[in-house]
Amino acid sequence: MVNLLGEDNKDIKTEIKKIGVLTSGGDAPGMNAAIRAVVRTGQYHNVQVIGIRKGYNGLINGEIKEMYSKDVSNVMNLGGTILHTARCPEMMTEEGVDKAAAIYKILGLDALVVIGGDGSFRGMESLAERGVNCVGIPATIDLDMNSTEYTIGFDTAVNTGMDALNKLRDTSSSHERCSVVEVMGRDAGYIAIWCAMVGGAEDVMFPEEKGNIDDAKVIQQILANRSIGKRHNLIVVAEGVGGTQKLAQKIQEITGIQTRATILGHLQRGGSPTAVDRMHASMMGYHAVKAILAGEKNKVVAYNRGRYEILDLKEAMQMEKHIDREIYDVIKILAI
Ligand code: ADP
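One structure accompanies this document, and this report is about it. (Residues numbered from 1 in each chain as written. Predicted model: local features only at pLDDT ≥ 70, side-chain atom pairs only at ≥ 80, totals over all residues. Heavy atoms only, no water.)

Structural notes on the sheet that holds strand E7 (residues 203-205)
Ordered by their spatial adjacency, four strands build an open sheet running E7-E8-E6-E9, and the pairing between neighbours is parallel. On the outer flanks of this sheet lie E7 and strand E9 (259-263), each paired with one strand and no other. Neighbouring strand axes in the sheet, compared pairwise and without regard to direction, differ in orientation by 20 degrees on average. The sheet contact formed by strand E6 (residues 178-183) and E9 spans five bridges and is parallel. Looking at E9, one finds that Cys178 is bridged to Thr259. Most of the contacts of helix H6 (residues 190-198) go to E7, to which it runs at about 175 degrees, and overall it touches E6, E7 and strand E8 (233-238). (Pairing = 2+ DSSP bridges. Helix = DSSP H or I, 4+ residues; strand = E, 2+ residues; numbered from the N terminus. Axes fitted to C-alpha atoms, helices over the stretch in contact; angles between N-to-C directions. Contact = heavy atoms within 4.5 Å.)

Digging into the packing of aromatic side chains
Any pair of aromatic rings gets described here by the distance separating the centres and the angle formed by the planes. If you walk through the whole model with that rule in mind, you get four aromatic pairs. Ring plane angle 75 degrees and centroid distance 6.4 Å describe the contact between Tyr150 and Phe154, whose orientation is recorded as edge-to-face. Classification of Tyr150 by relative accessible area gives buried; the value is 9%. Residue Phe154 is classed as buried on the basis of its relative accessible area, which comes to 3%. Here a set of aromatic residues connected by ring pairs shows up, and it is made of Tyr150, Phe154 and Trp194. Its end group placed over the ring of Tyr190, Lys321 keeps NZ or CZ at 5.0 Å from the ring centre. (Phe/Tyr/Trp six-rings, centres within 6.5 Å; stacked < 30°, edge-to-face > 60°. Buried < 20%, exposed > 50% of the residue type's maximum accessible area, 1.4 Å probe, protein only. Lys NZ or Arg CZ within 6 Å of the ring centre and 35° of its normal.)

This is the structure we're talking about:
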């Protein structure tokens, strides 16, 4: 293949001939843009790219296909993942990881690009111990990966949540109702606080605050809002806090205000990725392949302080990140 931008090849170590790519764990909009970037950056540098289907399952079972530029035409705009994804319990066993590492060697791969969340990265650690060279691209709608400020899928999920809140606001205002909206986020409140802020919610409950959540305070606030003439109340609850239906019933019983619970659930996993997700996914896919070509081993791509970074896998897994409480404080201030 002819490289139109020959300059880009200067720093390339030629021993990288063949790489694998898979998507694993929870799906996230933008995964396809990342696959596309991996396939095309690989092809641009004359590296054979092998697509592995259904996450680590496909590696263990040898479900593979060679991928070329044309295989990733018209996929950037699609939600989900064209390689499909899965959870793979076998990878939690020594035998399973041994088998995955053995297949990697049989396939003659020089590196494996894993597009997924924290669990998928833990799988990479196990594979790395067995001589597999893994490079991770962070993808989860939840944003709960400590090594990076951005994870693919987050922006689309928040936009879907915002859209739902906009619609619920219309109907809640018309009927002077209260809406309790459950958004995704089992262990992390990033989606919840972003949705609450950009959807103009009156309050938000998220897992990091679980010990401090007080329904009585929320209800008091709703009553206070009513007394100053607010026609509606939007309360965002993260999945991990739960009890959404019960909270809605309680609010209605105590305040007398008609209250509806809406659980967005997996709606937030799907949809055409936003521009932000497509941009990060494309850049991260490109950087993952460039890192492999530069001879990097067992790394993850991250986006921090406005720049893409290549971090050591082990170090990345030990990093810490905390939810920005300031956003929560500002939500409360802006809800007056
Ligand atoms: P995500 O990558 O979205 O966080 P999961 O937590 O479900 O999703 O992890 C995806 C897959 O990664 C799991 O099904 C399993 O195959 C693999 N995995 C998770 N944790 C480990 C681990 N500790 N060791 C090996 N593989 C793991």
